[in-house]
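Structural characterization, general
Spelled out, the chains give:
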Amino acid sequence: MGADALTSLAWTFLGIGSGTLLNAVIWRIPSHERPDDISEAFDNEWFVREAAKCEKCGALLSSWQSTGLLAVFVRKPTCPQCGRLLAVRRLLVELGSGILWLLSLWFFGPTLYASTVAIFASLLLGIAISDFRSWTIPHEFTWFGIVVGIVLSLFRGFPFISTIIGVSVGPAIFFVVGWLVAKYKKIPIAEVLGLGDYWLIAMIGAFIGWKMVPVAIILSAVVGLVIALPGAVRAALLRTESPKIPFGVFLALGGAVTLLVGDRLVSWYGHWALGR
């Protein structure tokens, strides 16, 4: 639908600002190569409390240095101890968020739905980056997203009970699947899916509605399987442990695709498989 230049600029800056807020959480989480590396103390925290640290030397960073654009403006783009350039990846997060907001405006115009897509996309971007680098899905993102998703759904005309079901059905599906897998493999259910995945699917359900939650889960599983399969085959041939993957990344991707084209995918499948 497009928009005028001033509106586009305003939305872009809103997206960049959203990226700055994402950075304020993402880079305060210690980087982990495996989920087993996460300390029990950190895993038990509800919110991220640690100050940001340089990933190279471990020096404490100021609040400005957790951001990109602001760090450049205040001339603090590098680590004060080792001199490592920190602002680049932060800038990419903010730029990515700004682009997502701008694309939402261009495709859907200055509408409530465009705002819903933009906010949802920014949150999923932050969640995907965080889970990829640290195996952590921050409650700051998912809990905020659940509240915002519920409010926006009500403004978009969805019944309150339907929205609450949307928040609940995903975690219920995950619990049943996790329980079955844990029973089959004889492992604790917590080792099947992390608590952050439950909150993430609840947030996704708040935005897309309960009917589309199974679609998002299936898409996430298919994408995860395709990406994980080569590593699993290689591990089987070499008789080594299969590499673990951060499922939150694929769940975020599945949620985004479902919001944008989920209805079309369901219609296409019905036409192709059922002849409807």
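Refer to the structure presented above.
Since the model is a prediction, treat every value here as computed from it, not as a measurement.

What counts and what doesn't
- Residues numbered from 1 in each chain as written.
- Predicted model: local features only at pLDDT ≥ 70, side-chain atom pairs only at ≥ 80, totals over all residues.
- Heavy atoms only, no water.
- Axes fitted to C-alpha atoms, helices over the stretch in contact; angles between N-to-C directions.
- Helix = DSSP H or I, 4+ residues; strand = E, 2+ residues; numbered from the N terminus.
- Parallel < 35°, antiparallel > 145°, perpendicular 65-115°, else oblique.
- Left-handed = near helix turned anticlockwise from the far one by under 90°.
- Contact = heavy atoms within 4.5 Å.
- Nonpolar A, V, L, I, M, F, W, Y, C, P; charged D, E, K, R; others polar.
- Salt bridge = Lys/Arg side-chain N within 4 Å of Asp/Glu carboxyl O.
- Buried < 20%, exposed > 50% of the residue type's maximum accessible area, 1.4 Å probe, protein only.
- 1 Å grid on protein atoms, 1.4 Å probe; cavity = no way out; pocket = protein on both sides within 12 Å on 5 of 7 lines; lining within 4 Å.
- Points joined across faces, edges and corners; volume = space filled by probe spheres on them.
- Core = buried A, V, L, I, M, F, W, Y, C linked by side-chain atoms within 4.5 Å.
- Phe/Tyr/Trp six-rings, centres within 6.5 Å; stacked < 30°, edge-to-face > 60°.
- Lys NZ or Arg CZ within 6 Å of the ring centre and 35° of its normal.

Side note on the packing of helix α1 (residues 5-26) against helix α5 (residues 112-134)
One way to put it is that α1 packs onto α5 with a least axis distance of 10 Å and a crossing angle of 30 degrees. By the angle between their directions, the pair α1 and α5 is classed as roughly parallel. Helix-helix and strand crossings are classified by hand; for α1 and α5 the assignment is right-handed. Taken together, the residues of α5 that come into contact with α1 (itself represented by Trp11, Ser18, Leu22 and Ile26) are Ala114, Ser115, Ala118, Ser122, Leu125, Gly126, Ile129, Ser130 and Arg133. Class assignment of the residues belonging to the contact of α1 with α5 gives a composition of 7 nonpolar, 5 polar and 1 charged.

Details of the pattern of salt bridges
Any two side chains of opposite charge can pair, given that their charged atoms come close. Summed over all chains, the structure comprises 2 salt bridges. A salt bridge links arginine 89 to glutamate 55, with the nearest nitrogen and oxygen atoms 3.4 Å apart. Of the two residues, arginine 89 is situated in helix α4 (residues 87-108) and glutamate 55 in the loop between α2 (40-43) and α3 (69-73); the sequence distance between them amounts to 34 residues. Linking arginine 133 and glutamate 55 is a salt bridge whose minimum nitrogen-to-oxygen distance equals 2.4 Å. Taken as a pair, arginine 133 in helix α5 and glutamate 55 in the loop between α2 and α3 lie far apart in primary sequence, 78 residues in all. Overall, the relative accessible area of 36% leaves glutamate 55 in the partly exposed class. Within this structure, Glu55, Arg89 and Arg133 form a network of salt bridges that share partners.

Brief notes about the layout of surface pockets
Taken as a whole, the second largest pocket encloses approximately 340 Å³ of empty space. Taken together, 21 residues line the second largest pocket, and the ones lying closest to its centre are Arg156, Phe158, Ile208, Met212 and Asp263. Here the lining of the second largest pocket gets 7 residues from one element, more than from any other, and that element is helix α10 (residues 247-274). Split into classes, the residues belonging to the lining of the second largest pocket amount to 10 nonpolar, 7 polar and 4 charged.

A short note on the environment of threonine 116
As for its placement among the helices and strands, threonine 116 is situated in helix α5. When its relative accessible area of 0% is taken as the criterion, threonine 116 is described as buried. Sequence-distant contacts of threonine 116, that is, excluding residues within four places in its chain, are made with Leu152, Arg156 and Phe207.

Concerning the environment of phenylalanine 158
Note that phenylalanine 158 resides in the loop between α6 (139-155) and α7 (160-185). Owing to a relative accessible area of 36%, phenylalanine 158 belongs among the partly exposed residues under this scheme. Taking the C-alpha atoms as reference points, phenylalanine 158 and serine 62, separated by 96 residues in sequence, lie 42 Å from one another.

What about the nonpolar core?
Counting 44 residues, the largest nonpolar core has Phe120, Phe174, Leu200, Met203, Ile204, Phe207 and Ile208 as the members making the most contacts within it. At the level of secondary structure, the elements contributing two or more residues to this core comprise α1, α5, α6, α7, α8 (195-208), α9 (213-238) and α10. Element by element, the count of residues in this core is highest for α8, at 9 residues. Apart from the residues lying within four places of it in its own chain, the contact partners of phenylalanine 120 are Met203, Ile204, Phe207, Ile208, Gly255, Ala256 and Leu259. One finds Ala52, Cys54, Ala59 and Leu86 within the second-largest nonpolar core, a separate group that totals 6 residues.

What to know about the packing of α5 against α6
Any two packed helices are characterised by the angle at which their axes cross and by the distance between the axes. Two elements in contact, α5 and α6, have axes whose closest approach is 11 Å; the angle formed by their N-to-C orientations is 165 degrees. Here α6 runs roughly antiparallel to α5, going by the angle between their axes. The handedness of the crossing between α5 and α6 comes out as left-handed. Across from Leu112, Thr116, Ile119, Leu123, Gly126 and Ile127 in α5, the residues of α6 making contact are Phe141, Thr142, Phe144, Gly145, Val148, Leu152 and Phe155. Of the residues assigned to the contact of α5 with α6, the class counts are 9 nonpolar, 4 polar and no charged.

Things to note about the packing of aromatic side chains
In the structure shown here, the tally under the stated rule is 8 aromatic pairs. Judged by centre distance (4.5 Å) and plane angle (25 degrees), the ring pair of phenylalanine 120 and phenylalanine 207 falls under stacked. Of this pair, phenylalanine 120 sits in helix α5 while phenylalanine 207 sits in helix α8; the two residues are 87 residues apart in sequence, bridging distant segments of the chain. Side by side, phenylalanine 120 and phenylalanine 207 carry an identical accessibility label, which is buried. Taken together, the aromatic side chains of Phe47, Trp143 and Trp199 make up a single cluster linked through ring pairs. Against the face of tryptophan 27 rests arginine 90, its NZ or CZ located 4.3 Å from the ring centre.

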